[in-house]
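Fold and geometry: a report
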Amino acid sequence: MRRFILIFVPYVWLIALFLIPFAMVLKIALSDIAISIPPYVPQFDWAEGIRAFLAQLDLENFTWLTQDDLYWKAYLSSLRIAVIATTFTLLIGYPIAYAMARAPTEWRPTLMMLIILPFWTSFLIRVYAWMGILSNEGILNQFLMWTGLISDPLVILNTNTAVYIGIVYTYLPFMILPIYSALERLDASLIEAAEDLGCSRFSAFWLVTIPLSKTGIIAGSFLVFIPTLGEFVIPSLLGGSDTLMIGKVLWEEFFSNRDWPVASAVAVILLLLLVVPIVLFQRNQQKQQEAEQ
Amino acid sequence: MTRMSWFNTVSLTLGFAFLYIPIVILVIYSFNESKLVTVWAGFSTKWYGELLRNDAFLNAAWVTIKVAVASSTFATVLGTMAAYVMVRGGRFFGRTLFSGMIYAPLVMPEVITGLSLLLLFIGIGLDRGVLTIILAHTTFSMCYVSVVVSSRLVTFDRSIEEAALDLGCTPSEAFRLVTLPIIAPAVISGWLLAFTLSLDDLVIASFTSGPAATTLPIKIFSAVRLGVSPEINALSTIMIAIVATGVITTSLISKRQVIRQRREEQEAERS
């Protein structure tokens with residue numbers, strides 16, 4: 001009986017508040033828009049049964065999504081932004097993780113905490129902090145003009161560059177931590193052996209360190225890539241009106257256009273887009289676990 | 001290996017500068033006299049005063065704290081139960097579905113979670129307000145709690161629990177007197193994680209809140225959309241100070257506990 005309650009309560013909770021809502025997104029994605037509250041005509045009535053459902057099934061919203069090139073552009077541009085931002089995060093995060101793993105042992109817990117600390121502070125505040133830095137009269141432009149490097153302020157805020165900076169900044173800990181834990185386990189004598197056998201420092205790094213930290217690199221990249229794809233806060237605060245990302249499009253369809261069926265269809269497609277990276281990530285984690293055992 | 005190379009020192013310095021300079025600048029400008037955030041006009045704490053007189057922000061802060069305390073507590077109870085089921089539950093009907101539902105919200109984009117919950121609340125005719133935000137936050141943060149707690153349960157030595165049962169404990173006594181104290185650090189960090197997730201959440205709260213209930217992130221977001229304002233800097237500084245104090249205190253406490261535990265273990269071995 002006790003065991004039953006233990007399983008039953010969280011199970012029912014998740015079905016009611018995760019699975020069913022999700023099914024409703026699917027259902028509304030297949031509905032027509034209507035000017036009412038709620039603003040959609042449900043396309044599916046349980047009483048009518050599955051056959052009726054299939055008969056009146058309507059992929060109109062999805063066809064519409066493929067016809068309007070705004071959505072195509074939003075998908076492609078989200079993918080592009082996520083790939084570029086993940087690459088930058090990797091290039092910046094790897095040296096930091098490497099230096100942490102090479103730091104004296106007694107420093108490491110403190111360094112770890114310094115990496116994690118910003119992660120606990122509000123995401124919104126960390127994105128906001130960059131608004132004051134990147135704006136035309138912001139600190140960065142003031143500094144650059146003071147040094148004489150530029151004479152006119154650079155326009156950074158409300159461009160894709162600002163979005164990249166925001167993503168790298170907020171997701172950097174997600175990249176550093178898995179790479180750090182892979183590098184910390186790395187046996188230093190392997191690199192010494194490679195160097196003794198005639199490798200230059202660089203080729204020892206390239207041929208030994210990088211391959212041995214591969215699982216960390218892959219895990220970190222997915223941890224940045226997956227949430228970036230559906231990101232809303234960063235593009236809407238730091239990006240411009242031409243910054244297209246699916247998360248932002250979904251938000252605007254929902255809150256500004258009040259087109260719930262299209263918003264739901266966008267959600268379904270965003271999810272389909274995420275399935276591949278999530279499966280790949282899962283496989284990488286499993287491989288890592290097997291390697292550890 | 002004890003001395004840092006030149007390259008490593010530089011990358012650590014630059015890395016931490018990149019992580020902390022924006023926050024430091026934000027804090028410095030919260031003490032700026034001028035309304036213009038980018039022009040320094042002397043030290044002043046007037047924006048903190050303005051903030052304390054701003055009822056809208058204070059109300060939002062109060063709603064946020066209520067939601068965070070309630071949802072993280074529910075999430076901790078449900079998440080610990082779920083973790084227990086996952087690690088100890090053995091086989092039961094729909095186990096794969098269950099673990100899928102635990103892990104899926106971790107990778108689900110917030111916009112989708114928010115949208116789906118909103119559709120549910122409208123579908124069942126529940127008025128959007130504090131209650132719906134609590135339900136939404138409990139659902140996504142219980143998954144984080146269960147991941148944290150189950151990672152502790154996996155490494156847990158089961159024979160201690162069995163010993164308690166052999167010595168005459170009832171199962172619930174064994175859980176209360178043996179299992180719970182051992183997994184307590186994980187349960188507490190799960191609660192803290194759920195609490196900060198709730199405090200921080202903008203997207204899911206925006207979807208699930210009604211006009212009656214506005215949380216602090218929603219308030220901050222709508223203010224910030226119009227541009228930078230020193231009042232928001234002051235508010236951010238207060239929030240950063242609270243979080244930093246909390247994180248540093250808990251990590252110091254847990255560090256001291258680890259040291260004490262290690263010393264006790266050593267003494268036990270010696271005697």
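Residues numbered from 1 in each chain as written. Chains lettered and ligands numbered in written order. Predicted model: local features only at pLDDT ≥ 70, side-chain atom pairs only at ≥ 80, totals over all residues. Heavy atoms only, no water.

**Quick notes on the overall build of chain B**
Each helix and strand counted, chain B has 11 helices and zero strands in total. Start at the N end of chain B and walk to the C end: the helices and strands fall as α-α-α-α-α-α-α-α-α-α-α. What you see for chain B is a C-alpha radius of gyration of 23 Å, clearly larger than the 18 Å of a compact globule of 271 residues, by over 25%. Per-residue burial for chain B yields a buried fraction of 46% across its 271 residues. The long-range share in chain B, meaning contacts at least 24 apart out of those at least 6 apart in sequence, stands at 68%. Of the roughly 13,700 Å² of accessible surface on chain B, a fraction of 66% belongs to carbon and sulfur atoms. Each charge class in chain B can be summarised by its mean position, and for the 20 positive and 17 negative side chains these summaries are 4 Å apart. (Helix = DSSP H or I, 4+ residues; strand = E, 2+ residues; numbered from the N terminus. Rg over C-alpha atoms; globule rule 2.2 N^0.38 Å. Buried < 20%, exposed > 50% of the residue type's maximum accessible area, 1.4 Å probe, protein only. Contact = heavy atoms within 4.5 Å. Areas by Shrake-Rupley, 256 points an atom, 1.4 Å probe, with all protein chains shown as cover. Lys, Arg positive; Asp, Glu negative; His and termini not counted. Charge placed at Lys NZ, Arg CZ, Asp CG, Glu CD.)

**Considering the overall build of chain A**
Secondary structure summary: chain A contains 14 helices and two strands in total. When burial is assessed residue by residue, chain A has 51% of its 293 residues classed as buried. Carbon and sulfur atoms provide 67% of the accessible area of chain A, an area that totals close to 14,400 Å².

**Structural notes on the interface of chain B and chain A**
Across the contact, 81 residues belong to chain B and 76 residues belong to chain A. Carbon and sulfur atoms supply 83% of the area buried between chain B and chain A, which totals about 7,300 Å² over both sides. Of all residues in chain B, Phe-18, Met-101 and Leu-119 of chain B bury the most surface against chain A, accounting for 9% of the area lost on that side. Taken together, the connections running from chain B to chain A amount to zero salt bridges. Put simply, chain B and chain A have eight residue pairs in polar contact (both at pLDDT 80 or more) between them. For the side of chain B that touches chain A, the element with the highest residue contribution is helix α1 (residues 6-30) of chain B, accounting for 13 residues. Broken down by class, the residue content of the side of chain B that touches chain A amounts to 58 nonpolar, 19 polar and four charged. (Buried area = accessible area lost by both parts, 1.4 Å probe. Salt bridge = Lys/Arg side-chain N within 4 Å of Asp/Glu carboxyl O. Polar contact = N/O pair within 3.5 Å; in protein donor to acceptor, adjacent residues only side chain to side chain. Nonpolar A, V, L, I, M, F, W, Y, C, P; charged D, E, K, R; others polar.)

**Examining the side chain of Ser-213 of chain A**
When you line up the elements, Ser-213 of chain A lands in the loop between α10 (201-212) and α11 (214-229). The contact partners of Ser-213 of chain A, leaving out residues within four places of it in the chain, are Tyr-94, Ala-182 and Leu-183 of chain A.

**Regarding a negative patch on the surface**
Together, Asp-187, Glu-192, Glu-195 and Asp-196 of chain A make up a region of like negative charge exposed at the surface. The exposure class of Asp-196 of chain A is exposed, given its relative accessible area of 66%. (Patch = residues over 30% accessible without salt bridge, like charges linked within 9 Å, V, L, I, M, F, W, Y side chains within 5 Å.)

**What about unusual backbone geometry?**
All names here are of chain A. Of note, the phi angle at Asn-158 is positive, near 65°, even though the residue is not glycine. When you line up the elements, Asn-158 lands in the loop between α7 (139-147) and α8 (160-185). Its identity as a non-glycine residue notwithstanding, Arg-258 has a phi of 55°, on the positive side. Relative to the assigned elements, Arg-258 resides in the loop between α13 (246-255) and α14 (260-292). Taking relative accessible area as the criterion, Arg-258 reaches 43% and is therefore assigned partly exposed.

**Quick look at the confidence of the model for chain A**
Residues and elements named next belong to chain A. Residue-level pLDDT values for chain A average 83, and 87% of them are 70 or greater. Ranking the helices and strands of chain A by mean pLDDT puts α8 first, with 93, and helix α2 (residues 49-56) last, with 49. Predicted confidence is poor over residues 43-55, with pLDDT under 50, and the contacts of this stretch with residues over four places away or in other chains come to 13 contacts. (pLDDT = per-residue confidence, 0-100.)

**Comments concerning the environment of Leu-26 of chain A**
Residue and element names in this part refer to chain A. Within the secondary structure, Leu-26 is located in helix α1 (residues 2-29). When its relative accessible area of 43% is taken as the criterion, Leu-26 is described as partly exposed. Expressed as a C-alpha distance, the spacing of Leu-26 and Ala-267, which sit 241 residues apart in the sequence, is 8.8 Å.

**Focus on the side chain of Ser-236 of chain A**
Assignment of secondary structure puts Ser-236 of chain A in helix α12 (residues 233-237). Of the polar contacts made by the side chain of Ser-236 of chain A, one reaches the backbone oxygen of Val-233 of chain A; its length is 3.2 Å. Discounting chain neighbours no more than four positions away, the residues touching Ser-236 of chain A are Lys-248 of chain A together with Phe-221 and Arg-225 of chain B.

**Description of the pattern of salt bridges**
Pairs can form between side chains of opposite charge whenever their charged atoms are close. Counted by the stated rule, this structure contains four salt bridges over all chains. Residue Arg-108 of chain A pairs with Glu-184 of chain A through a salt bridge whose shortest N-O separation is 3.4 Å. Taken together, the residues Arg-108 of chain A in helix α5 (residues 108-120) and Glu-184 of chain A in helix α8 connect sequence positions 76 residues apart. By relative accessible area, Arg-108 of chain A is classed as buried at 16%. The shortest N-O distance in the salt bridge between Lys-46 of chain B and Glu-33 of chain B comes to 3.4 Å. Placement of the pair is Lys-46 of chain B in helix α2 (residues 46-53) and Glu-33 of chain B in the loop between α1 and α2, with a sequence separation of 13 residues. The exposure class assigned to Glu-33 of chain B is partly exposed, which follows from its relative accessible area of 33%.

**A closer look at the packing of aromatic side chains**
All told, the structure shown has 31 aromatic pairs over all chains when counted by the stated rule. Where Tyr-11 of chain A meets Phe-92 of chain B, the ring centres are 6.2 Å apart and the plane angle is 70°; that geometry is what we call edge-to-face. Of this pair, Tyr-11 of chain A sits in helix α1 while Phe-92 of chain B sits in the loop between α3 (55-88) and α4 (95-107), which puts the two residues in different chains. Consider the rings of Phe-119 of chain A and Phe-174 of chain A, whose centres lie 5.4 Å apart with planes at 85°: the pair is edge-to-face. On the criterion of sequence distance, the pair formed by Phe-119 of chain A in helix α5 and Phe-174 of chain A in helix α8 is long-range, its members being 55 residues apart. Residue Phe-174 of chain A is classed as partly exposed on the basis of its relative accessible area of 27%. (Phe/Tyr/Trp six-rings, centres within 6.5 Å; stacked < 30°, edge-to-face > 60°.)

**A word on the packing of helix α4 (residues 69-102) of chain A against α1 of chain B**
The contact between α4 of chain A and α1 of chain B brings their axes to 8 Å, and the two run at 120°. Classed by the angle they form, the pair α4 of chain A and α1 of chain B counts as oblique. Seen along the crossing, α4 of chain A lies across α1 of chain B with a hand that is left-handed. Contact residues: Pro-95, Ile-96, Tyr-98, Ala-99, Met-100 and Arg-102 of chain A in α4 of chain A; Asn-8, Ser-11, Leu-12 and Gly-15 of chain B in α1 of chain B. Classifying every residue of the contact of α4 of chain A with α1 of chain B by side-chain character gives six nonpolar, three polar and one charged. (Axes fitted to C-alpha atoms, helices over the stretch in contact; angles between N-to-C directions. Parallel < 35°, antiparallel > 145°, perpendicular 65-115°, else oblique. Left-handed = near helix turned anticlockwise from the far one by under 90°.)

**Quick notes on the packing of α3 of chain B against helix α10 (residues 216-224) of chain B**
Residues and elements named next belong to chain B. Viewed as axis vectors pointing N to C, α3 and α10 meet at an angle of 140°, and their least axial separation amounts to 7 Å. Put simply, α3 runs oblique to α10. Here Ala-56, Phe-57, Ala-60, Ala-61 and Thr-64 of α3 come into contact with α10, specifically with Leu-216, Pro-217 and Lys-219. By residue class, the composition of the contact of α3 with α10 is six nonpolar, one polar and one charged.

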